[in-house]
Number of protein chains: 2
Amino acid sequence: MKFVIQRDYLVRSVQDVMKAISSRTTIPILTGIKITATEQGITLTGSDSDISIESFIPIEEEDKVIVEILEPGSIVLPARFFGEIVKKLPKETVEIEIQNQFLTIIRSGKAEFNLNGLDAEEYPRLPQIKEENVFKIPTDLLKTLIRQTVFAVSTSETRPILTGVNWKVENNELICIATDSHRLALRKAKIETESEASYNVVIPGKSLNELSKILDDTTELVDIVITENQILFKTKHLLFFSRLLEGNYPETSRLIPADSKTDVIVNAKEFFQAIDRASLLAREGRNNVVKLTTLQDGVIEISSNSPEIGKVIEEIQSESITGEELKISFSAKYMMEALKALEGTEIKISFTGAMRPFLIRPINDESMLQLILPVRTY
Amino acid sequence: MKFVIQRDYLVRSVQDVMKAISSRTTIPILTGIKITATEQGITLTGSDSDISIESFIPIEEEDKVIVEILEPGSIVLPARFFGEIVKKLPKETVEIEIQNQFLTIIRSGKAEFNLNGLDAEEYPRLPQIKEENVFKIPTDLLKTLIRQTVFAVSTSETRPILTGVNWKVENNELICIATDSHRLALRKAKIETESEASYNVVIPGKSLNELSKILDDTTELVDIVITENQILFKTKHLLFFSRLLEGNYPETSRLIPADSKTDVIVNAKEFFQAIDRASLLAREGRNNVVKLTTLQDGVIEISSNSPEIGKVIEEIQSESITGEELKISFSAKYMMEALKALEGTEIKISFTGAMRPFLIRPINDESMLQLILPVRTY
């Protein structure tokens, strides 16, 4: 294998595939990046066996030569060193050559690195996925879907299925749901597809977080293919594979109350900042709990109390309060994360009493909701 | 005590005095910020008993009212909470009032915090320093002096005196020296003074680091007062006290070789980058050691070898090599830190054989030098 490549393309691709590589893997070859040179270009692969990422660098793009292939071949190089080396090389171009056995020379200007590689034949094969029943989502929308749901997954392994995000595809609609059993995030979006296939799968939260980091903020479409135990996200030069979680995701639709007893419409930013201040003291107490009380004339009071340190009380003028009076306590952390996930300047909070889950939604937008279980304090 | 204050002035002052406050102190009252309101303004104090910082906010500045004093007094408030609260308050002004005993109300807009304070009478007194024999240094120069020396102090407590920077004042000149016994940093500067007093003290490295973070990059003069066991840095609205380290600092002048056998003049940036690359692999081996070899025609070779991973070899064209041929090994970390500390695009490295300390200096600048002990590898 021997090729000369534009360094910035290599750096970018290495950074992408590194997202899949874990230094704590028990499979030594997975600490490496697989590099394959063909007549078409260079393919880099990284994997931790849950996530696999393949990045392709074509020999030319828009009439600009990026790679010159002098001899096809492949090798696995230690990812951490290779990544740091290419970042720090002195010149715009890099030459990479397997010298004998797996010893690989990396040259740039007057700097020359010799790295001990591993046999690419030993590198695990990526999942083979037949590209049937593809559906498509714009990249920026996909990132938004992830951002608005993935934070609500469980971090505890006691119910592993809750560490993933439930994706349901039906009737040209994708529904993403995440819950850790104390709160729930839901987001719907239209998808582009030519098939009638429906799916109900659970994608590890970690995979979605890594995917989101790699994707640019463009409107280009991402192809998504779901198989029995894998999901593939495909962009122009990138393949992102994740395994799916096994097991049945709980049915969450019955958790979402259909009616409400108290509805509050409030400016999202003012409300967020008041919760944020109240949580300064609440954090010290148990559970980071703040209290919300409806007062007269559309005023809501946010308060929290930490006997050792002190207390905080604050009034916010809401747009409107309709229905019953209410005193309710909830986690400031969950509320702040829910508010961050929602878009829109005004939100509607729908309560069904102090002991029942409540809903937070942007007004006039049915595509997303956040649900939080209150905390019993009375 | 009761006053109303512009929030941004308060935030800035709190951030400054927080630099002295440690959450790990064994003296509970030192986890607090002391606030004193007088007719002249507000004084905030933070201390970990090694470092004490006092920040003053005058009632007005440049005809702008900053503080309105309604009732003088003083209180100690929990630093961490107070700091976070003032940062997140909703309005431009803040009202602070002691209600009864030490319970303190902080009001801004419709947000009201009650914080349990402590008796300001219990707060330790700051050192009393007579302002005799003041000398003066511009703020930006002081920050440079610190940056160019403090990184070289020892982090080990086996010789506590080496965790400080040695400051010698004599003949209107300040000499700052730091060493961890493997390398040494020295910087000289002219000072402004009206006294003939000379000093030889050792300032804890940690104090200088914190001082440097607080100081702005201005050319305004800092007043410096040295006493037997304290040093005071004084700017317009800030007092920074540090205790001095006890004991005698080793005499370092005899460590600095007066003559050399090989002199190399090289571009600092190119040299730094080559060392940085070589250290990528050296870091894995013992001690992060790289090797420098002089070749023909002014070429120097930088190399390092980590048998498991691979090796790197690189050539740099120097401006000139004069004197004997040389092979020498040294810590890449020490060399990179020394190069970062020095200013100037071209540096001169003066070697006295492979086993002797060597000097790194900017060409045509006698005010600073870095010294490194080589590593025995042959």
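Whatever comes next refers back to the structure up there.
Chains are numbered independently. Their residues run from 1 in the order of the written sequence. To read the labels, note that chains go from A and ligands from 1, taken in the order they are written. For this predicted model, a pLDDT threshold of at least 70 governs which residues receive local features, and a threshold of 80 or more governs which side-chain atom pairs are given and counted, while totals over whole chains, interfaces and linings are taken from all residues. Neither water nor hydrogens contribute to the side-chain values; these are computed over all heavy atoms in the structure.

Draft legend 1. Representation of the interface of chain B and chain A in the model. Taken together, the 29 residues of chain B in the interface contact 29 residues of chain A. Here chain B and chain A share an interface that buries about 2700 Å² over both sides, 55% of which is from carbon and sulfur atoms. The three residues of chain B that bury the most area against chain A are K88, R277 and L280 of chain B, which together make up 21% of that side's buried surface. We count a salt bridge whenever a side-chain nitrogen from Lys or Arg sits within 4 Å of a carboxyl oxygen from Asp or Glu. Where chain B packs against chain A, one counts two salt bridges. Elements represented by at least two residues in the side of chain B that touches chain A include exactly helix 2 (79-88), strand 11 (111-116), helix 5 (268-282) and strand 24 (310-317) of chain B. For the side of chain B that touches chain A, a count of residues per class yields 13 nonpolar, three polar and 13 charged. Criterion used throughout: strands pair if DSSP finds at least two bridges between them. Helix numbering and strand numbering both begin at the N terminus, where a helix is a DSSP run of H or I of at least 4 residues and a strand a DSSP run of E of at least 2. Summarising the sheet, strand 11 (residues 111-116) of chain A and strand 24 of chain B pair through five bridges and their orientation is antiparallel. Within strand 24 of chain B, the residue paired with N114 of chain A across the bridge is K311 of chain B. Contacts between residues were defined by any pair of non-hydrogen atoms, one from each residue, lying within 4.5 Å. A quick way to say it: buried area is the sum, across both parts, of accessible area lost when two parts are put together, with a 1.4 Å probe. In this count, Pro and Cys sit with the nonpolar residues alongside Ala, Val, Leu, Ile, Met, Phe, Trp and Tyr, while Asp, Glu, Lys and Arg are called charged and the others, Gly among them, polar.

Draft legend 2. Structural context of the sheet that holds strand 11 of chain A. The antiparallel open sheet is built from nine strands, whose spatial order is 7(A)-1(A)-9(A)-10(A)-11(A)-24(B)-23(B)-22(B)-26(B). Single-partner strands in this sheet number two, and they are strand 7 (67-71) of chain A together with strand 26 (327-331) of chain B. Strand-to-strand twist of the sheet, defined as the mean angle between neighbouring strand axes without regard to direction, takes the value 15°. With four bridges joining them, strand 22 (residues 289-294) of chain B and strand 23 (residues 299-306) of chain B adopt antiparallel strand pairing. Residue pairing for strand 23 of chain B: L292 of chain B is matched across the bridge by I302 of chain B. Those strands touched by helix 5 of chain B are strand 11 of chain A together with strand 22, strand 23, strand 24 and strand 26 of chain B, and its axis lies near 170° from that of strand 24 of chain B. Only the stretch in contact is used when fitting a helix axis, every axis being a line fitted to C-alpha atoms; angles between N-to-C directions are given from 0 to 180 degrees. Sitting on the sheet, helix 6 (residues 332-341) of chain B is in contact with strand 22 and strand 26 of chain B, with an inclination near 80° to strand 26 of chain B.

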